[in-house]
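If you want the building blocks of each chain, they are given just below.
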Amino acid sequence: SYRKGGYHAVRIGDSFSGGRYIAQRKLGWGEFSTVWLAYDTRSSEYVALKIQKSAPQFAQAAVHEIEVLSAIADGDPSNSKYVVRLIDHFKHTGPNGQHSCMVLEFLGDSLLRLVKHIRYKGLELDKVREICKCILTGLDYLHRGLGIIHTDLKLENVLLLTTINATKDPIRSGTSPILERPEGIPNGGATMNIIEKKLKQRARRAAARISGRRASMGGVGGGAKTNRSLNGIDLRCKVVDFGNACWADKQFAQEIQTRQYRSPEVILQSGYSFSADMWSFACIAFELATGEMMFTPKGGQGFSEDEDHLAMMMELLGKIPRKIANGGARSKDYFDRYGDLKRIRRLKYGSLEKLLIDKYCFSEIDALEFAKFLCPLLDFEPENRPNAQQCLQHPWLSIKSLNQAEVKSESGMEKVNVGMRNLQMKAGK
Ligand code: ATP
Ligand code: MG
Ligand code: MG
């Protein structure tokens, strides 16, 4: 991909925009771009420099992304809405062509890294709540404030404000600041292979949980997974990656969202709106709390990935009402006129609450409350789903875990006891 029309090769220390930004190290990459930590010599701050591939379709995509990001920044002057901020943009010409560059505020690790860090074990519910509040605040701003649908919400596209490994300085890890240790041109091919392998491993791990076609039900979670503490990590986060975002009244793609986070109306092609983001949001919340994706559909003999996906949704959430099942442009591909799947005939119905208890060892009360939060977001009728603002009012978000309260009151008791002992000692008893 480091050829004409592709990525721009960056060396540590390269300068951009007339010397204003100095490249420090690579932060990540995507299908469209490589993203670099850079030092902004004007503001004396670190920023994320997203350098787009140069071919016309990528340049066009960057124009769109910059338009969306500019609207986001203009509407939120105090930068308090939990959505990534665009600082600047410019063009940079290199051997592979002219590249659109976006300067974004520098953020930390993605939620995917966070979930990996705790070895796919699932976060404490208090932490899940903290993250949910940030994402919902961001979504409420995008949806109600701007009329923008993100369309690609997933763990990779939500970044923490901090890095997970707190002992490692995020700025200095990998290289000391400015120009000290040039690392040469990144080897795009090699990096990509490693990341592709990792993605495949992740998919395989997900697939391994599936016995036959049955993914969402049954199976035993976990095995011996060690605890890793998240103590002291500020779990605030921001929504990023607006390359696929659209205005609700100016949609261009019919197939949106990454497979596992895709809503039923998108699969059925019955039209989508802000509520499609709410479905993906529910998938994210589930994954944070359990460490596993809610749906990992796979095509098989005699049925497609889409059909497996619809089957899984029904097994977990109940039958899709016939009117909805038959209401999309693609309905006939999947459903008969009674609203039953044509090629997957026997479904094993379960419930979210039962899954949380049986597979993920939630207490009954935790499972009940979490399911009450999630299920309305997973309504097959998009119009019935609560919007982000309504969701922010949900009582589940204000629950304080009993565990934590108990731990606190226990340590409180301990102090009282120690105090009593000291008093008794002083009194010579
Ligand atoms: P995609 O194929 O996902 O659309 P893309 O080329 O549009 O990719 P992004 O997803 O925006 O690129 O960014 C690629 C990666 O760079 C992210 O996954 C993340 O690791 C890193 N990154 C992006 N923006 C930032 C930021 N503001 N701060 C820190 N890291 C970032
Ligand atoms: Mg991305
Ligand atoms: Mg993108």
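Just so we're clear, the structure is a prediction, and the values are computed from it rather than from any experiment.

**Here's the deal with the packing of aromatic side chains**
Counted under the stated rule, the structure contains eleven aromatic pairs. Taking the centre distance of 5.3 Å and the plane angle of 45° together, the rings of Tyr2 and Tyr7 count as tilted. Take Tyr2: its relative accessible area is 22%, and that puts it in the partly exposed class. Of the residues examined, Tyr7 reaches a relative accessible area of 2% and is grouped as buried. Note that Lys53 overlies the ring of Tyr7, its terminal NZ or CZ placed 4.8 Å from the centroid.

**Some details on the site of ligand 1**
The environment of ligand 1 is formed by 16 residues, the closest being Glu31, Ser33, Lys50, Glu105 and Leu107. With respect to ligand 1, the side chain of Asp241 contributes an N or O atom lying 3.0 Å from an oxygen atom. Alone, ligand 1 offers 620 Å² of accessible surface; in the complex the protein occludes 85% of this. At three residues, the largest contribution of residues to the shell around ligand 1 is made by strand β2 (residues 21–29).

**As for the confidence of the model for the chain**
When pLDDT is averaged along the chain, the result is 84, and 78% of the positions lie at 70 or above. Low pLDDT, under 50, characterises residues 174–199; the predicted model gives this stretch 34 contacts beyond four residues in sequence or across chains. Note on residues 202–226: pLDDT is under 50 here. Beyond four places in sequence and across chains, it has 43 contacts. The ipTM assigned to the predicted complex is 0.98, against a pTM of 0.82.

**Points about the packing of helix α6 (residues 274–290) against helix α11 (residues 364–374)**
Each packed pair of helices is defined by two parameters, the angle between the axes and the distance between the axes. Packing of α6 against α11 brings their axes to within 10 Å, and their N-to-C directions diverge by 160°. One element, α6, and the other, α11, form an angle in the roughly antiparallel class. Our pair here, α6 against α11, has a crossing hand that is right-handed. In this structure, α6 uses Phe281, Ala282, Ala285, Phe286 and Ala289 to contact α11, whose residues at the interface are Phe370, Phe373 and Leu374.

**Details of the coordination of the magnesium ion (ligand 2)**
For the magnesium ion (ligand 2), the full set of protein donor atoms is Asn157 (OD1) and Asp241 (OD), and the range of their distances to it is 2.2 to 2.7 Å. Note on Asn157: relative accessible area 5%, which makes it buried. For Asp241, a relative accessible area of 27% puts it in the partly exposed group.

**Remarks on the pattern of salt bridges**
For the structure shown, the criterion picks out 21 salt bridges. The partner of Asp234 in a salt bridge is Arg236, with the nearest N and O atoms 3.3 Å apart. Judged by its relative accessible area of 31%, Asp234 is partly exposed. The exposure class assigned to Arg236 is partly exposed, which follows from its relative accessible area of 37%. In this structure, Lys359 engages Glu292 in a salt bridge whose closest nitrogen and oxygen atoms are separated by 3.3 Å. With Lys359 in the loop between α10 (352–358) and α11 and Glu292 in the loop between α6 and α7 (305–317), this pair connects stretches of sequence that are 67 residues apart. Taking relative accessible area as the criterion, Lys359 reaches 7% and is therefore assigned buried. A relative accessible area of 10% places Glu292 in the buried class. Taken together, the shared-partner salt bridges in this structure form one network comprising Arg259, Glu305, Asp306, Arg330 and Asp333.

The rules behind these values
Counting starts from 1 at the beginning of each chain's written sequence and moves along it residue by residue. Chain labels run from A onward and ligand labels from 1 onward, assigned in the order the entries are written. Local features in this predicted model are restricted to residues of pLDDT 70 or higher, and side-chain atom pairs are both shown and tallied only at a pLDDT of 80 or more, whereas totals for entire chains, interfaces and linings draw on every residue. Heavy atoms from the whole structure form the basis of all side-chain values; hydrogens and water molecules are not counted. Aromatic rings from Phe, Tyr and Trp, with only the six-membered ring used for Trp, were paired whenever their centres fell within 6.5 Å, and each pair was classed as stacked if the ring planes differed by under 30 degrees, edge-to-face if by over 60, and tilted otherwise. Exposure classes here rest on a 1.4 Å probe applied to the protein chains alone. A residue is buried below 20% of its type maximum, exposed above 50%, and partly exposed in between. Only lysine NZ and arginine CZ atoms are considered, and such an atom sits over a ring when it is within 6 Å of the ring centre and within 35 degrees of the ring normal. If a single non-hydrogen atom of a residue is within 4 Å of a molecule or strand, that residue counts as near it. Think of a polar contact as two N or O atoms within 3.5 Å of one another; within protein, one of them needs to be a possible hydrogen donor and the other a possible acceptor, and neighboring residues in sequence only count if both atoms come from side chains. To measure how exposed things are, a 1.4 Å probe is used in the Shrake-Rupley method; for residues, cover is taken only from the protein chains shown. Note on conventions: DSSP H or I runs of at least 4 residues are helices, E runs of at least 2 residues are strands, and numbering of each starts at the N terminus. On a scale of 0 to 100, pLDDT captures the predictor's confidence in every residue. Throughout, a contact is declared for two residues whenever any of their heavy atoms are within 4.5 Å. Throughout, an axis means a line fitted to C-alpha atoms (over the contacting stretch in the case of helices), and angles, computed between N-to-C directions, take values from 0 to 180 degrees. Roughly parallel refers to an angle under 35 degrees, roughly antiparallel to one over 145, roughly perpendicular to one between 65 and 115, and oblique to any angle outside these ranges. Helix crossings get a hand from a simple test, with the near helix turned counterclockwise from the far one by less than a right angle marking a left-handed crossing and a clockwise turn marking a right-handed one. Any N, O or S atom lying within 2.8 Å of the metal counts as a donor, with the limit raised to 3.2 Å for Na, K and Ca; because water is left out of the atom set, some sites can appear incomplete. For this document, the term salt bridge refers to a Lys or Arg side-chain nitrogen within 4 Å of an Asp or Glu carboxyl oxygen.

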